[in-house]
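As a plain string of letters, each chain reads:
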Amino acid sequence: MESTLSHYFGFDTFRPGQKEIITKVMNHQNVLGVLPTGGGKSICYQVPGLMLGGTTIVISPLISLMKDQVDQLKATGIRAAYLNSSLTKKEQQTIETQLKQGELQFLYVAPERFDNGYFVHLLQQISIHLVAFDEAHCISKWGHDFRPSYQEVIDKVFALPQDFTVVALTATATAEVQRDIMARLNIDKQDEIKTSTKRPNLVFQVNPTYQRQKFVLEYVTHHDKEAGIIYCSTRKQVEELHEALIEQDVNSTIYHAGLSNKEREAAQNDFVYDRVRVVVATNAFGMGIDKSNVRFVIHYNMPGDLESYYQEAGRAGRDGLKSECILLFSERDIGLHQYFISSSKADDDYKDKMGEKLTKMMFYTKTKKCLEATLVHYFEPNEKLTECGQCSNCTQGNKTYDMTHEAKMIISCIARMNQQENYSVIIQVLRGEETDYIRYCDYNTLSTHGIMKNYTTSELSHLIDELRFKGYLNEHDEILTCDTSVKALLNDQVSIFTTPFKPKSKEVVSINTVEGVDRVLFDELIQVRKRLSEDLGIAPVSIFSDYTIEEFAKRKPESKQDMISIDGVGSYKLKHYCPKFLDTIQTYKAKI
Ligand code: ADP
C-alpha cells in the first residue's frame, strides 16, 4: 500500500483516514469515507484501484472535475480517461476502444452516462474491481447539492455483473446525509471512516461589514501575490465587483451560469493555470476546480447553509498552507434566503429542513465562540472541540470576562450528579428548579442545586457552551461529561475567559509566512512550474503543489536523491519534472 503511494504519488505516509479506507476496500468491504476538503479523498480510490487492477470506475457529478483529475493522473504516468458530453464522437470512440481492450486503469464518468445502453453493455464486458462515488453527498436529498441523476445511477451500478467494491467519498455531509448515503450504497455502519472535519490551516473570519466592496478591494490589493475566489450571490454583484477590481488593475475574471460554456471554461482555465489571480463568481464556480493553492475565499454574501459555506470556503488551502476564509454579510442576506425558502415549490418537510439550516448559518455569523469549533460541531456534534486560536473570534481579544468562578460551579454541579445529563437538566439544577425528574434523581438535595440561581437560562447556556467549545466539557448524543482537562481548572492552574455578550467585529488581515522558505527562490521555482505547465499543457499544481515548491525553496535539494524524500515527488515526476527545478536551485545557490 505504502509503496504504491510513494511510487505513483511521491508521498511517504497516508493522511488520517486514507489507510483505513483503503484497507477496507482491499478487504472487499463497501466503505464511506468522510474526509475534509483537501484531506486527500482521491488517493482513497486511486491507490486501491491501482493495486486491484482492472478498470476503476469513478462516478463524479461534474465534468470539469473529471478533466483535472484525469490530467493529474496522466501527469503521474497512470492510464486514465473520462467520458462525457464535452468529447467529440471520435474521442469517445477512442476511449471506448481503450476501455474494451483493458487499457484504462481509471475511467471517470458522469451519472448520466449510465442512461446510455451501449456504455452499460461495454462496462459489463470489462474487468471492474472498484467503483468510486465521488462527492457522494450529491446522492442525498438532505445534502446541500442533491442531484437526482446521482441517486438514479445506483441501481444501474449495482446491476453490473462484476463482483466489485464500492467506495463513497464526501467532505461535507451531516450525520443524516451520511446515514442516507450508507443505506443507499449498501455500506455497513462500521464501514464508515470519518476523520475530523477540522481544517487547521484555514483561518475563518466573519465580518458584518456595510462596506463590502471597500473591504474586498483593500484585501485583494494587500494580498497581491495570492490567488483567491470571491463568491457573490447574484450575477449582477459578480459583474459590479469585477468592474471595480478591473478599475484597480487587479488581474481578475468572472464566472457565473449566465456565461457561455466557452467563456466559463476559459475563466476556469485562466485561474487554474495562474493566468488570473482572482475569480469573482456565483456558487456555480468551484466544484470542479482542482487548484490547491487558493489562498483566500471571500464570501460577499452569506450562503443559505453551513454545508455550502464550508464546501465553498474549503476550496482555500487544499495544499495545507495557511489560507483565509472570510464571510462578509449583512442582515439583508438573511431576508433573501428566507424568501427563497418560502417561495420554493418543495414540500413542507424540506422547507423546514432548509429553515433549520439557515438558522444555523445565521448563528455562525453571530456567535462569539471559536468559528472553527462552531463548524466542527455542526458537522460532528460528538467531536471533541478546542479553540483554534486563529479565527476572528479567537483573536479579537474581547474575551474579557473572567468566568473561572462560574466554571468551577458548573463543573462541580455536573460532577455531583449521579448520572450523565443533557444541557437542559444541568441548567435547571444550577438554577434551582424543581421538576419531577429532578426530584426523582434527588438533584434537589445536592449542595449545588440552585448554586447559580441568579443567572438566566441563556446566560448559563452561554457559559456551558464556552466550556464545551474550550474542550472542558465533551458532548455525546447531547449528554455532557467533564473532560480530564477540568483538573487543571479545579486546581486553580488555569483561568477561563468569555465574551461579555457584546457583539463586536473587526477586520483581521494576516500575512502568510512559512518559516525557512526562501521567498526569492520560491518565486523563481513558481516561474519554472508555470513554463513547464505551458509546455506540457498541465495545470501548474498538477506538476507540483505549492507545498512541494515551498519544500524545495526551504530545503534547496541538490540531487534527485534529495528530491525524492520530499512530499509530492514520485518516481514519474522525479524523472520528468525535477531536472528543471534542480537546475534552477543550483543556479540560484551559485548566485548567493
Ligand atoms: P480532496 O479530499 O479535497 O478531494 P485531494 O484528493 O484533491 O483532496 O487531495 C488534496 C491534496 O492533498 C492534493 O494536492 C494531494 O496530492 C495531497 N495529498 C493527498 N494524500 C496525501 C498524502 N498521503 N500525503 C501528502 N499529500 C497528500
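For every chain, the first residue of the written sequence is number 1, and numbering continues from 1 onward in sequence order. Local features are withheld for residues below a pLDDT of 70 in this predicted model, meaning they are given only at 70 or higher, and side-chain atom pairs are given and counted only at 80 or more; totals for whole chains, interfaces and linings count all residues. Heavy atoms throughout the structure, all of them, feed into the side-chain values; hydrogens and water do not.

Asker: Quick question: what am I supposed to make of the nonpolar core here?
Answerer: Grouped burial of nonpolar side chains is what soluble globular proteins tend to show. Counting 67 residues, the largest nonpolar core has Leu-107 and Phe-133 as the members making the most contacts within it. Whether two residues touch is decided by their heavy atoms; if any such pair falls within 4.5 Å, the residues are in contact. Aside from chain neighbours lying at most four places away, what touches Leu-107 is Thr-55, Thr-56, Ile-57, Val-58, Ala-81, Tyr-82, Leu-83, Ile-95, Leu-99 and Phe-119. If you look at the next biggest cluster of nonpolar residues, it comprises 44 residues, including Tyr-255, Phe-271, Leu-306 and Tyr-309. Definition used in this section: a nonpolar core is a set of buried Ala, Val, Leu, Ile, Met, Phe, Trp, Tyr and Cys residues joined via side-chain atoms within 4.5 Å. Each residue is placed in one exposure class: buried if its accessible area under a 1.4 Å probe, protein chains only, is under 20% of its type's maximum, exposed if it is over 50%, and partly exposed if it falls in between.

Asker: Is there a simple way to explain a nonpolar patch on the surface in this structure?
Answerer: Nonpolar side chains (Val, Leu, Ile, Met, Phe, Trp, Tyr) within 5 Å and like charges within 9 Å form the patches, drawn only from residues with over 30% relative accessible area and no salt bridge. Only the protein chains shown count as cover for residues, with accessible areas throughout obtained via the Shrake-Rupley method and a probe of 1.4 Å. A carboxyl oxygen of Asp or Glu within 4 Å of a side-chain nitrogen of Lys or Arg is what we treat as a salt bridge. A cluster of nonpolar side chains, namely Leu-336, Tyr-339 and Phe-340, defines an oily patch on the protein surface of about 320 Å² accessible area. Each helix is a run of H or I in the DSSP string that is no shorter than four residues. Each strand is a run of E no shorter than two, and both are numbered from the N terminus. Secondary-structure assignment places Phe-340 in helix H13 (residues 331-343). Residue classification places Phe-340 among the partly exposed positions, given a relative accessible area of 47%.

Asker: How should I be thinking about the domain arrangement of the protein chain in this particular structure?
Answerer: Bring the parts together and some accessible area is lost; that lost area is often taken as the interface size. Each domain of the protein chain was delimited in the assignment, giving domain 1 (2-194), domain 2 (202-379), domain 3 (401-498) and domain 4 (519-591). Facing the eleven residues of domain 1 at the interface are 13 residues of domain 4. Once two parts are put together, the accessible area they lose, assessed with a 1.4 Å probe and summed over both, is termed the buried area. Between domain 1 and domain 4 the total buried area reaches about 850 Å² when both faces are included, carbon and sulfur atoms providing 48% of it. Two N or O atoms count as a polar contact when they lie within 3.5 Å, although within protein this holds only if one can serve as hydrogen donor and the other as acceptor, and sequence-adjacent residues are included solely when both atoms are side-chain atoms. Between domain 1 and domain 4 we count four residue pairs in polar contact (both at pLDDT 80 or more) in total. Contributing elements (two or more residues each) for the side of domain 1 that touches domain 4: helix H1 (2-9) and helix H4 (63-75). As used throughout, domain bounds are those supplied by an automatic or database domain assignment.

Asker: Before we go on, may I ask you to explain the pattern of salt bridges in this structure?
Answerer: Opposite charge on two side chains permits them to pair, given that their charged atoms come into close proximity. Summed over all chains, the structure comprises 35 salt bridges. Here Asp-347 and Lys-141 are joined by a salt bridge, their closest N and O atoms 3.7 Å apart. Of this pair, Asp-347 sits in the loop between H13 and helix H14 (348-366) while Lys-141 is found in the loop between strand S5 (130-133) and helix H7 (148-158), placing the two residues 206 residues apart along the sequence. Asp-347 sits in the partly exposed class, given a relative accessible area of 39%. Judged by its relative accessible area of 32%, Lys-141 is partly exposed. Lys-225 serves as the salt-bridge partner of Asp-523, at 3.6 Å between the closest nitrogen and oxygen.

Asker: Got a minute to help me understand the confidence of the model for the protein chain in this structure?
Answerer: Any residue range with low pLDDT should be treated as having predicted coordinates unsuitable for detailed reading. When pLDDT is averaged along the protein chain, the result is 89; 97% of the residues meet or exceed 70. Residue-level confidence of the predictor is summarised by pLDDT, bounded by 0 at the bottom and 100 at the top. Considering only residues more than four positions removed or in separate chains, one finds that residues 502-514, a stretch of pLDDT under 50, has 26 contacts.

Asker: In this structure, what is going on with the layout of surface pockets? I would like to understand it.
Answerer: Space left empty within the atom packing is revealed by a probe, the size of a water molecule, rolled over the atoms. Roughly 1200 Å³ of internal volume is contained in the second largest pocket. Detection works on a 1 Å grid of protein atoms alone, calling trapped sets that fit a 1.4 Å probe cavities and calling open sets with protein on both sides within 12 Å along at least five of seven lines pockets, with lining residues defined by an atom within 4 Å of a point. Taken together, 42 residues make up the lining of the second largest pocket; nearest its centre are Phe-11, Arg-15, Gly-40, Gln-72 and Arg-318. Those elements that provide at least two residues to the lining of the second largest pocket are H1, helix H3 (41-52), H4, helix H23 (540-543) and helix H24 (546-555). Throughout, the ten residues Ala, Val, Leu, Ile, Met, Phe, Trp, Tyr, Cys and Pro are labelled nonpolar, Asp, Glu, Lys and Arg are labelled charged, and all others, Gly among them, are labelled polar. Looking at the lining of the second largest pocket residue by residue, the class counts come to 13 nonpolar, 18 polar and eleven charged. Grid points are joined across faces, edges and corners, and a volume is the space filled by probe spheres set on the points.

Asker: Would you mind showing me how to read empty space enclosed by the protein here?
Answerer: For the structure shown, the criterion picks out one cavity of 30 Å³ or more. Taken together, Ile-229, Ile-289, Lys-291, Val-294, Arg-315 and Arg-318 form the lining of the largest cavity. Across the lining of the largest cavity, the residue classes tally to three nonpolar, no polar and three charged.

Asker: Mind showing me how you'd approach the sheet that holds strand S17 (residues 479-482) here?
Answerer: Strand pairing in a sheet takes place through backbone hydrogen bonds and is either antiparallel or parallel in direction. Here, any two strands with at least 2 DSSP bridges between them count as paired. Spatially, the three strands line up as an open sheet ordered S15-S17-S16, and their pairing is antiparallel. Strands at the two margins of the open sheet, each flanked by one partner only, are strand S15 (421-422) and strand S16 (473-476). Of the strand pairs in this sheet, S16 and S17 are connected by four bridges, and their pairing is antiparallel. Looking across to S17, one finds that His-476 is bridged to Ile-479.

Asker: Explain the UniProt feature "domain: Helicase ATP-binding" (unreviewed entry) in the protein chain here, please?
Answerer: Taking the UniProt record as the reference, the feature "domain: Helicase ATP-binding" (unreviewed entry) is found at residues 22-191. Taken end to end, residues 22-191 is 42% helix and 15% strand, and its two terminal C-alpha atoms sit 11 Å from one another. UniProt positions are given in the numbering used here, feature names are shortened, and annotations may be inferred rather than shown by experiment.

Asker: I tried to follow the site of the ligand on my own but got confused; where do I start?
Answerer: For this purpose, a residue is taken to be near a molecule or strand whenever a single non-hydrogen atom of the residue falls within 4 Å of it. As a matter of local geometry, the ligand sits amid 15 residues, with Thr-13, Gly-38, Lys-41, Ser-42 and Arg-318 nearest to it. The separation between an oxygen atom of the ligand and a polar side-chain atom of Arg-15 is 3.1 Å. With respect to the ligand, the side chain of Arg-318 contributes an N or O atom lying 2.7 Å from an oxygen atom. Here the ligand has 570 Å² of accessible area as a free molecule, and 84% of this is covered by the chains. Among the detected pockets, the ligand sits in the second largest pocket. It is H3 that provides the largest number of residues to the shell around the ligand, a total of three residues. Class assignment for the residues of the shell around the ligand results in four nonpolar, seven polar and four charged. To qualify as sitting in a cavity or pocket, a molecule needs more than half of its atoms within 2 Å of the grid points.

Asker: Even after reading the chapter, I still don't get the environment of Ser-60, so can you show me in this structure?
Answerer: Tracing the backbone shows Ser-60 in the loop between strand S2 (56-59) and H4. Linking Ser-60 and His-137, residues 77 residues apart in sequence, is a C-alpha distance of 11 Å.

Asker: Help me out: how do you make sense of the sheet that holds S2 in this one?
Answerer: Strand order in the open sheet formed by seven strands is S3-S4-S2-S5-S6-S1-S7, with parallel pairing between adjacent strands. In this open sheet, the two edge strands, each paired with only one partner strand, are strand S3 (80-83) and strand S7 (192-194). Averaged over neighbouring strand pairs, the angle between their axes works out to 20 degrees when direction is ignored. Of the pairings in the sheet, the one linking strand S1 (residues 31-34) to strand S6 (residues 165-170) comprises four bridges and is parallel in character. Note that in S6 the partner of Gly-33 across the bridge is Leu-169. Of the strands in this sheet, S1, S6 and S7 are in contact with helix H8 (residues 175-184), which crosses S1 at around 155 degrees. Lines fitted to C-alpha atoms define the axes, with helix axes restricted to the stretch in contact, and inter-axis angles between N-to-C directions lie between 0 and 180 degrees.

Asker: In this structure, what is going on with the packing of aromatic side chains? I would like to understand it.
Answerer: Given two aromatic rings, their pairing is described by the distance between the two centres and the angle made by the two planes. Between rings of Phe, Tyr and Trp, where Trp is taken as its six-membered ring, a pair exists when centres lie within 6.5 Å; planes separated by under 30 degrees are stacked, by over 60 edge-to-face, and by other angles tilted. With the rule as written, the count across this model stands at 20 aromatic pairs. Summarising the aromatic geometry, the rings of Tyr-309 and Tyr-364 are spaced 5.6 Å apart at their centres and angled 45 degrees between planes, so their arrangement reads as tilted. Placement of the pair is Tyr-309 in helix H12 (residues 306-313) and Tyr-364 in helix H14, with a sequence separation of 55 residues. Residue classification places Tyr-309 among the buried positions, given a relative accessible area of 0%. You can call Tyr-364 buried: its relative accessible area is 0%. On the numbers, 5.3 Å between centres and 75 degrees between planes, the contact of Phe-544 with Phe-581 is edge-to-face. Pair noted here: Phe-544 is in the loop between H23 and H24 and Phe-581 is in helix H27 (residues 578-591), with a separation of 37 residues, a long-range link. Among the residues examined, Phe-544 registers a relative accessible area of 1% and is labelled buried. What makes Phe-581 buried here is its relative accessible area of 0%. Three or more aromatic residues joined by ring pairs make a cluster, and in this case those are Phe-544, Phe-552, Tyr-572, Tyr-577 and Phe-581. By definition here, charges over rings are those cases where NZ of Lys or CZ of Arg is within 6 Å of the ring centre and within 35 degrees of the ring normal. Here the basic side chain of Arg-212 rests over the ring of Tyr-300, its NZ or CZ set 5.8 Å away from the ring centre. Sitting over the ring of Phe-522, Arg-519 keeps its end group 4.8 Å from the ring centre.

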